Amino acid sequence: MKTALTIAGSDSSGGAGIQADLKTMTMNGVYAMSAITALTAQNTTGVRAIMEVTPEFLQQQIDAVFEDIRPDAVKIGMVSSGELIRVIAERLRFYRAGNVVVDPVMVATSGSALMKTDAVQTLMDELLPLAELVTPNIPEAEILSGMSIRTAEDMEKAAKQISGDRHCAVLLKGGHSINDANDLLCEDGKITWFEGKRIDNPNTHGTGCTLSSAIAANLAKGFALDESVRRAKEYISGALGAMLDLGKGAGPMKHNFDLNSRFAEEAN
Ligand SMILES: Nc1ncnc2c1ncn2[C@@H]1O[C@H](COP(=O)(O)OP(=O)(O)O)[C@@H](O)[C@H]1O
Ligand SMILES: Cc1ncc(COP(=O)(O)O)c(N)n1
């Protein structure tokens, strides 16, 4: 069985973070493992408290995983401080980890900050160069590129700039644009649009976590990057389209909608 590791924060309400990642990887047919960067006390209405692990303890978790069950892909989500980012980068280099997907989580759907502002530069300098793919949403891509994004042309320009500067592919997610859910992939200067039908569902807690974990699972199974993105978009559209409605705020998705395990298959 192929394997994947998520390095991210725990969401006590189970819809985002580590919990979303483990459910998504499992439903996409890989064996899922985790290294937790922080505990959050949060629910669908907001984040109440964050407790970071120490850099030493994060390293111990990553070492325990790699020394025993080597992951075929690694997804990185919420990492709140520069110190923790440096530990992850150092360990990924040490183990020559492949298929690294970085979701540069900065702000939760509920509006709470999940990354310290001074950690952004460390993320760009240390982690992005190790990544196969980085998956910013529009506000995160504005921060990573330093430009404002209003149109599809702006999205293309920002994705090319981040990809060129950091030598990794970029999937710029359009979930925050007004009418659609079109995402664009920039890989080696080539732009591909992935069109998604916008689903009228306010319950989008954990969409970014879910998409990046599904991409990592597909890379672990041997699919090419563009096919991994296509399959992940299809999976997230199914999870959103199942219209689960839990909680008082933006609720979680139905990760287990795919009862036929269509998404679990491997590449030939
Ligand atoms: N209402 C929606 N209908 C269909 N797809 C959506 C919707 N909202 C977000 N998505 C998709 O979910 C994924 C995550 O996007 P986004 O919400 O922009 O990320 P984040 O959670 O990081 O802010 C993207 O593939 C995006 O196109
Ligand atoms: C621990 C944790 N990690 C990430 C997110 C972002 O969630 P979203 O995918 O909705 O942007 C979150 N709310 N909590």
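Within an unreviewed UniProt entry, the label attached to the protein reads Hydroxymethylpyrimidine/phosphomethylpyrimidine kinase, and the organism entered is Aristaeella lactis.

*Asks:* What's the story with the overall build of the protein in this structure? I'm lost.
*Replies:* Across its full length, the protein carries eight helices and nine strands. Once the C-alpha set of the protein is aligned to its principal axes, its extents read approximately 45 × 45 × 40 Å. Split into buried and exposed, the 268 residues of the protein put 56% on the buried side. Counting contacts in the protein only where the partners sit at least 6 residues apart, residues at least 24 apart contribute 69% of the total. In the protein, the 25 positive side-chain charges and the 34 negative ones have mean positions that sit 3 Å from each other.

*Asks:* How should I be thinking about the site of ligand 1 in this particular structure?
*Replies:* By nearness alone, 15 residues border ligand 1, and K173, H176, D183, I199 and T207 come closest of all. Coverage of ligand 1 by the protein amounts to 93% of the 550 Å² it exposes when considered alone. Elements with a contribution of two residues or more to the shell around ligand 1: α7 (207-220) and α8 (225-241). Among the residues making up the shell around ligand 1, the classes are represented as five nonpolar, five polar and five charged.

What counts, and where the lines are drawn
Residues numbered from 1 in each chain as written. Chains lettered and ligands numbered in written order. Predicted model: local features only at pLDDT ≥ 70, side-chain atom pairs only at ≥ 80, totals over all residues. Heavy atoms only, no water. Helix = DSSP H or I, 4+ residues; strand = E, 2+ residues; numbered from the N terminus. Buried < 20%, exposed > 50% of the residue type's maximum accessible area, 1.4 Å probe, protein only. Contact = heavy atoms within 4.5 Å. Lys, Arg positive; Asp, Glu negative; His and termini not counted. Charge placed at Lys NZ, Arg CZ, Asp CG, Glu CD. Near = heavy atom within 4 Å. Areas by Shrake-Rupley, 256 points an atom, 1.4 Å probe, with all protein chains shown as cover. Nonpolar A, V, L, I, M, F, W, Y, C, P; charged D, E, K, R; others polar.

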